[in-house]
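Geometric and topological summary
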Amino acid sequence: MSPVGLSCLFISVLVCHWVPAGSYSNGKVTKVCGSMEPQHGSSGQASPSPYRLETNSSTFRPGDQIQVILSGTSHFKGFLLQARGASNQGLVSTVGTFTLTDQKKTQLLTCNKHQGSAVSHTSDAQQTEVIVIWHAPADAPTQVQFFVSVVSQYNVFWVKLPGPIIYQHGVTPHPPQTDTTPPPVQPTTSPSILPGPFTSEGCGQSKSCLLDPPDCDPEDPQCFFLSMTTEGPDKMSVTFELSGPAEGYVSFALSRDTWMGDDDVYMCVTDGIRVSVSAAFVSGRSHPEDQSQSGLASVSWRLVDGVIQCRFSRLVKLSNQEPARYDLDQAYFLFLAHGRAQYGRVWKHTQQPFISSHTKHITGAPEVLGGSRGPILMKLHGSLMLLAWMLTGSVGTFIASFYKPDWPKQTLLGQKVWFQVHRGLMMLTVTLTIVAFCLPFFYRKGWSKHAGVHPYLGCCVLTLSLIQPIMALIRPSPDSLRRYIFNWGHWGVGTVTEVLAVAAMFLGMRQSSLLLPQPWATHVLIGYVVWLASFRFLLLMHKHFYIPKSLDTDDQQAIFSQSEHGRCVNVKVSICKSLILAALALGNSALVGVLLSAVAHI
Ligand SMILES: *[C@@H]1O[C@H](CO)[C@@H](O)[C@H](O)[C@H]1NC(C)=O
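Residues numbered from 1 in each chain as written. Predicted model: local features only at pLDDT ≥ 70, side-chain atom pairs only at ≥ 80, totals over all residues. Heavy atoms only, no water.

Turning our eyes to something else, we now look at the packing of aromatic side chains. Scanning the model with the defined rule gives 25 aromatic pairs in all. Their ring planes at 40° and their centres at 5.3 Å tell us that Phe437 and Phe441 sit as a pair that is tilted. Note that Phe437 and Phe441 are positioned in helix α3 (residues 417–444) at a spacing of 4 residues, about one turn of the helix. Among the aromatic residues, ring-to-ring pairing joins Phe398, Phe402, Tyr403, Trp531 and Phe535 into one connected group. One cation-aromatic arrangement involves Lys160 over Phe147; the distance from NZ or CZ to the ring centre is 5.7 Å. When the ring centre of Phe224 is taken as origin, the NZ or CZ atom of Arg373, which lies over that ring, is 5.1 Å away. (Phe/Tyr/Trp six-rings, centres within 6.5 Å; stacked < 30°, edge-to-face > 60°. Helix = DSSP H or I, 4+ residues; strand = E, 2+ residues; numbered from the N terminus. Lys NZ or Arg CZ within 6 Å of the ring centre and 35° of its normal.)

Encoded structure:
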C-alpha cells in the first residue's frame, strides 16, 4: 500500500472511531439486520466481489444442518450473514438459526427477535474464510437463500451479496425471487478443483504451448506454462491452461506488440487459499482495469506448493458488451507474467514478462512457441558491458598497473608492449561502453525511469571513460615535472571508473529487463571481485619484494637491462608474471563466459 493509501486508511480509522455512527468493528450490527448495509458513509461496491458464499448441499429437509462457507480471494474485516426465506411472494425475513464453528472470530446475532438468525465478525481482524452451520427450521419455506455483506476495508464493502439458494426436498424449484437490491455477483458456475498438474503432452499436436524455461515440464514447480486448445464444433471457444510458481498471481496477455499497454490480460490470482480467475485490460504500463469474470467459463484451479494453476475457456468472439476483450481468431504476441497480489489486486511483476518470439494466431495450428524475458537490445547492452568491464577494461588496467617494467626489449608497432596492449584494450573498452550505453535508450525510447541508480552509474562510467583517453592525449611527456599529476589523475579516474562499473554490473543484473538468475549471478560477480582482488594483492606483493622500492617504474627497465643479475631475475620474473597475466585473462574470460551464457538463456 502506498504511503497515501496508508494515511487514508489511518484517517478513516480515526474517523470511524470518532463518528458515533461509525463502524462496528465488534460486529454488533443488529441495527442493520434489515438493510444489511454497513453505515460507513459511502455506498457499497457495484463491481463483482472477490467473495463467495457456498453451501454443502443444494437441498434440505426441515431439521437438516447445512454447512455455509464464506470465502474470498481477498481478506475481509467484517461480514453479516443471513438466510432468508424465498417464497412466491418474494423474500421474507430471516429463516432458521446458525451455529458457529469458530467462537472467537464469529458470533451469533439476534435479528427480527430471532436468536441466532445472523452471524457476524467479532473484531476487525482479517479473515479469508468463515464456516458456519445453518439449521433448517421445521416450518422452513420451500426455498432459502443466503445473503452476506462483506467489509474488505472501512470504505470498501459489498452489500447483501446473494448466495446460493437451497430447496426443500420434493419441492419443485421455482425461479429464485430476488428483492430490489441489484445482485452484484454474476451467477456463474462455481469453479472446480483441478485433479493434478497440467501436462505438456500434446503441445504442438493438439494444443499450442508457451513454456518458460523452454521445454520445461509443467509438473516441475519452476515451470511457467500456457496452453491454448481450440474447441467446440465450429472452433468457437478456446480453453486456456496457465500455471507457474508465484506468490500472488500468474497471468498471460494478448498483445499486438511487444510492449505492455493495450493488452487483453487474463489473471489467476490467489490469496494463498483459493484462486480466482479474471480478465482485465491494461491500457498502459499500469494497473489492469475493468477486472471481471464475465466471458470466462468452465473455470477450474489448483494451488499446490506455491504453484498456481488455472484453466478456463472463452468464446473466440465475445459480444460487444464485453469490455475490450480481443477476438481470438487473430495473431498476438503472448506475454507470461507473475508477481505478488494483495486484496485481490495484483502488483507489478518483478521480472520482465516472458514474451513469445513471434505473434500467434490463437485459434491457428498448434505449435510450441519460444520466447524470452530479455529484450534483445538489453541482452546486447548487458553482454557488451560485461565484456568491457570484466574482460578488456579489467585486463587493460591490470597491465598498466603491474606490467610496465616487463618486456623491456620488445616493442609493438614502435611502442612499449604494455603501452600498446593497455591502449588497445582500453580503447576497445571505451568503444564497447559507448555502444552498450546507447542501447537502453533505443529500447526505452528515452531514459529508463524505473531502473533506479543503475542508469546514473552508467552515465558516470561513460563520462569517466571518455575523460581517460582525453587525459591520455594531453599528458605531459614522461620527463616533465608535471607528469606525476597525470600519473595520479589517470590512475585515480581509472580506479573510480572501474569501481563504479562493477557497482553498475551488480545493479544491472537485477534489472527486470535483464534479470539474471539470483543470487547465483551476484555470487559469480562477487567471485570475480575476489578473483581480481587476489591477483592485485599477489602482484602488489611481487612488486614489493622483487623491485627496489626507491626506483620509479620508468627507470626500472634501465636498471634491469644494465645488471646481469637483475636481468636474470627479470627474465624469470617475466615468465612468472606472464603466466599470472594469462591466468587472469583466462579466469576473467571464464567468468564473463558464464554470465554471457546466462544472458543468452534469459
Ligand atoms: C453439510 O454439513 C453439515 C454440517 O457439517 C452436515 O451435517 C451435513 O451432513 C452436510 N451435508 C452434506 C450433503 O454433505
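That shown, we press on.
What follows concerns the pairing of strand β18 (residues 275–282). Where burial is concerned, most of β18 is hidden: 8 out of the 8 residues are buried. The two faces of β18 match: Val275, Val277, Ala279 and Phe281 on one face and Ser276, Ser278, Ala280 and Val282 on the other face are all buried. Across 8 bridges, the pairing between strand β17 (residues 263–270) and β18 is antiparallel. The residue of β18 that forms the bridge with Val265 is Ala280. Between β17 and β18, which pair antiparallel one after the other, the connecting turn spans 4 residues, and Gly272 there sits at a positive phi close to 95°. (Buried < 20%, exposed > 50% of the residue type's maximum accessible area, 1.4 Å probe, protein only. Pairing = 2+ DSSP bridges.)

Further remarks concern the pattern of salt bridges. Counted by the stated rule, this structure contains 11 salt bridges. Glu129 serves as the salt-bridge partner of Arg274, at 3.0 Å between the closest nitrogen and oxygen. On the criterion of sequence distance, the pair formed by Arg274 in the loop between β17 and β18 and Glu129 in strand β9 (residues 127–135) is long-range, its members being 145 residues apart. Given the relative accessible area of 34%, Glu129 is considered partly exposed. The residue Asp264 makes a salt bridge to Arg314 at a minimum N-O spacing of 3.6 Å. Placement of Asp264 in strand β17 and of Arg314 in strand β21 (residues 307–315) is noted, with a sequence separation of 50 residues between them. Arg314 shares its class with Asp264; the two are buried. Shared partners join several salt bridges into a network, and the residues in it are Arg52, Glu54, Glu129 and Arg274. (Salt bridge = Lys/Arg side-chain N within 4 Å of Asp/Glu carboxyl O.)

Ordered by their spatial adjacency, 4 strands build an open sheet running β1-β3-β9-β6, and the pairing between neighbours is antiparallel. Edge positions in the sheet fall to β1 (51–55) and β6 (97–100), since each of these pairs with one other strand and no more. Strand-to-strand, the axes of this sheet are offset by a mean angle of 25°, without reference to chain direction. Of the pairings in the sheet, the one linking strand β3 (residues 65–76) to β9 comprises 8 bridges and is antiparallel in character. Among the inter-strand pairings, Gln65 is bridged to a residue of β9, identified as His135. (Axes fitted to C-alpha atoms, helices over the stretch in contact; angles between N-to-C directions.)

Turning to the sheet that holds strand β13 (residues 208–212), a few remarks are in order. Across the sheet, 7 strands lie side by side as β12-β20-β21-β15-β14-β13-β27; this open sheet has mixed pairing. Among the strands making up the open sheet, the edge pair consists of β12 (192–193) and β27 (368–369). Where strand β15 (residues 237–245) and β21 come together, 9 bridges link them in antiparallel fashion. Bridging from a neighbouring strand, Glu241 pairs with Arg311 of β21.

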